[in-house]
Amino acid sequence: MLKWIIRQEVYFLIKGIKNIDYVMIIAVALIVSVIINIYAVVKLNNYKYKIEQQSYINMEDVKQRNERNMDILLKSIEEGSIKNEELLKLYKNYDVITGDIIELWQQYGAYTQSSISFFSKNIKTNKIMENDIHGKIKEYMLAILNREMINEKSKLQLQSQDLQSFKSMYEISSKIYDYLNKFDEEILKGVTGEEKEKKVIKEHYWIDMLAGIYNISEDYVNLQWRLEATNTEK
């Protein structure tokens, strides 16, 4: 009888230890799962931040290059001509701006996919590619450069269609310049440097700026650009 009692006590003791082991295993598994989930969330947030950080960099680049273009365009219109070196600067700036804006639209697409639609910012668009005014101007600049190489001229005389195109380009640059400056003055007043970058990223203000540029460009989608490489003028 005593042996039977001892066996039972040993049995329940072993069973109790096994139950404790099971609880410990489950607890450890839960802790590990929570840690993995937290790590995944942190990594995802860091990834999203880096994407929007690049969006901020792209938007600042658009702003700076647009200002440079505006200065060149104004001087050229006032003088009635533009040197080939300045034409090349315009082409390079429009080329980079086009790439920046394409990246911004890609980043906006990634933002909308990873955000809850009810709370996310939304840009009302028709056809983005048809609205790519900077891409069209880049092609126009390339056509002018090719034309000047064929004619072996050191500068382009701004006349008729070319003059009107430069005036339209200046008008577009001026409107974008005014819009972005007004945005800084009203929404980002007194905020500069790293603090400005963090605020633009946190509030996704680069999307508002992209929408503003899109709306300005929309007014010029029907402009015709002279893209032939040869110059028929004598």
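For the structure, check the block above.
Residues numbered from 1 in each chain as written. Predicted model: local features only at pLDDT ≥ 70, side-chain atom pairs only at ≥ 80, totals over all residues. Heavy atoms only, no water.

Asks: Is there a simple way to think about the environment of Lys198 in this case?
Replies: With respect to the secondary-structure elements, Lys198 resides in helix H5 (residues 193–202). According to the relative accessible area criterion, Lys198 is partly exposed, its value standing at 45%. (Helix = DSSP H or I, 4+ residues; strand = E, 2+ residues; numbered from the N terminus. Buried < 20%, exposed > 50% of the residue type's maximum accessible area, 1.4 Å probe, protein only.)

Asks: How should I be thinking about the nonpolar core in this particular structure?
Replies: Across soluble globular proteins, nonpolar side chains show a tendency to be buried alongside one another. Core analysis: the largest hydrophobic core is formed by 45 residues, its most contacted members being Met141, Phe166 and Met169. Secondary structure elements with two or more residues in this core: helix H1 (2–79), helix H2 (84–114), helix H3 (133–151), helix H4 (160–187), H5 and helix H6 (205–218). With residues up to four places along the chain from it excluded, the contact list for Met169 reads Leu73, Tyr94, Ile137, Tyr140, Met141 and Trp225. (Core = buried A, V, L, I, M, F, W, Y, C linked by side-chain atoms within 4.5 Å. Contact = heavy atoms within 4.5 Å.)

Asks: How should I be thinking about H3 in this particular structure?
Replies: Quick reminder: α-helices carry 3.6 residues per turn. Residues three or four places apart thus point the same way. The first and last C-alpha atoms of H3 sit 27 Å apart over 19 residues, in line with the 27 Å expected at 1.5 Å per residue. For H3, the full list of buried residues reads Ile133, His134, Gly135, Ile137, Lys138, Tyr140, Met141, Ala143, Ile144, Leu145, Arg147 and Glu148. At its buried positions, H3 is contacted by H2, strand S2 (155–157), H4 and H6. Backbone geometry just after H3 places Glu152 at a positive phi near 55 degrees. (Expected span 1.5 Å × (residues − 1).)

Asks: Explain the packing of aromatic side chains here, please?
Replies: Aromatic ring pairs are reported here in terms of the distance separating the ring centres and the angle at which the planes meet. Inspection of every chain in the model, using the stated rule, returns 7 aromatic pairs. Consider the rings of Trp105 and Tyr108, whose centres lie 5.8 Å apart with planes at 85 degrees: the pair is edge-to-face. A residue pair is termed a helical-turn pair when its members lie 3 or 4 positions apart in one helix, as Trp105 and Tyr108 do in helix H2 at 3 residues. This pair shows no difference in class: Trp105 is buried, exactly as Tyr108 is. Pairing Trp105 with Tyr214 gives two aromatic rings, centres 5.7 Å apart and planes at 80 degrees, and the pair type is edge-to-face. With Trp105 in helix H2 and Tyr214 in helix H6, this residue pair connects regions lying 109 residues apart in the sequence. Of the two residues, Trp105 and Tyr214, neither departs from the other in class, the shared state being buried. Connected via pairs of aromatic rings, a cluster forms that spans Trp105, Tyr108, Tyr111 and Tyr214. (Phe/Tyr/Trp six-rings, centres within 6.5 Å; stacked < 30°, edge-to-face > 60°.)

Asks: Looking at this model, I keep getting lost on the environment of Ser165. Mind explaining?
Replies: Mapped onto the secondary structure, Ser165 falls in helix H4. Overall, the relative accessible area of 5% leaves Ser165 in the buried class. Sequence separation between Ser165 and Leu223 is 58 residues; the distance between their C-alpha atoms is 8.6 Å.

Asks: What is the right way to read the environment of Lys48 from this model?
Replies: Of note, Lys48 is situated in helix H1. Residues Lys48 and Gln107 lie 59 residues apart in sequence; the distance between their C-alpha atoms is 9.7 Å.

Asks: I tried to follow the packing of H3 against H4 on my own but got confused; where do I start?
Replies: It is the contact of H3 with H4, at a shortest axis distance of 12 Å, that shows an interaxial angle of 145 degrees. Viewed along their axes, H3 and H4 form a crossing whose handedness is left-handed. Counting all contacts with H3, which are made through Ile133, His134, Ile137, Tyr140, Met141, Ile144 and Arg147, the residues of H4 involved are Asp162, Ser165, Phe166, Met169, Ile172 and Ile176. In terms of residue class, the contact of H3 with H4 is made up of 9 nonpolar, 2 polar and 2 charged. (Axes fitted to C-alpha atoms, helices over the stretch in contact; angles between N-to-C directions. Left-handed = near helix turned anticlockwise from the far one by under 90°. Nonpolar A, V, L, I, M, F, W, Y, C, P; charged D, E, K, R; others polar.)

Asks: Just checking my understanding: could you explain H6 for this structure?
Replies: Along its 14 residues, H6 runs 20 Å from first to last C-alpha, staying within 8% of the 20 Å computed at 1.5 Å per residue. Among the 14 residues in H6, 11 count as buried, and that is most of the element. Residues of H6 that are buried include every one of Tyr205, Trp206, Ile207, Met209, Leu210, Ala211, Gly212, Ile213, Tyr214, Ile216 and Ser217, and no others.

Asks: Quick question: what am I supposed to make of the pattern of salt bridges here?
Replies: Any two side chains of opposite charge can pair, given that their charged atoms come close. Using the criterion set out here, one finds 12 salt bridges in the structure. In this structure, Asp61 and Arg65 form a salt bridge, with 3.0 Å as the shortest nitrogen-oxygen distance. Highlighted residues: Asp61 and Arg65, both in helix H1, separated by 4 residues, approximately one helical turn. Neither residue differs from the other here; Asp61 and Arg65 are each classed as buried. The salt bridge partner of Lys138 is Glu139, with a shortest N-O separation of 3.8 Å. Exposure remark for Lys138: the relative accessible area of 17% places this residue in the buried category. Using a relative accessible area of 38% as the deciding quantity, one classes Glu139 as partly exposed. (Salt bridge = Lys/Arg side-chain N within 4 Å of Asp/Glu carboxyl O.)

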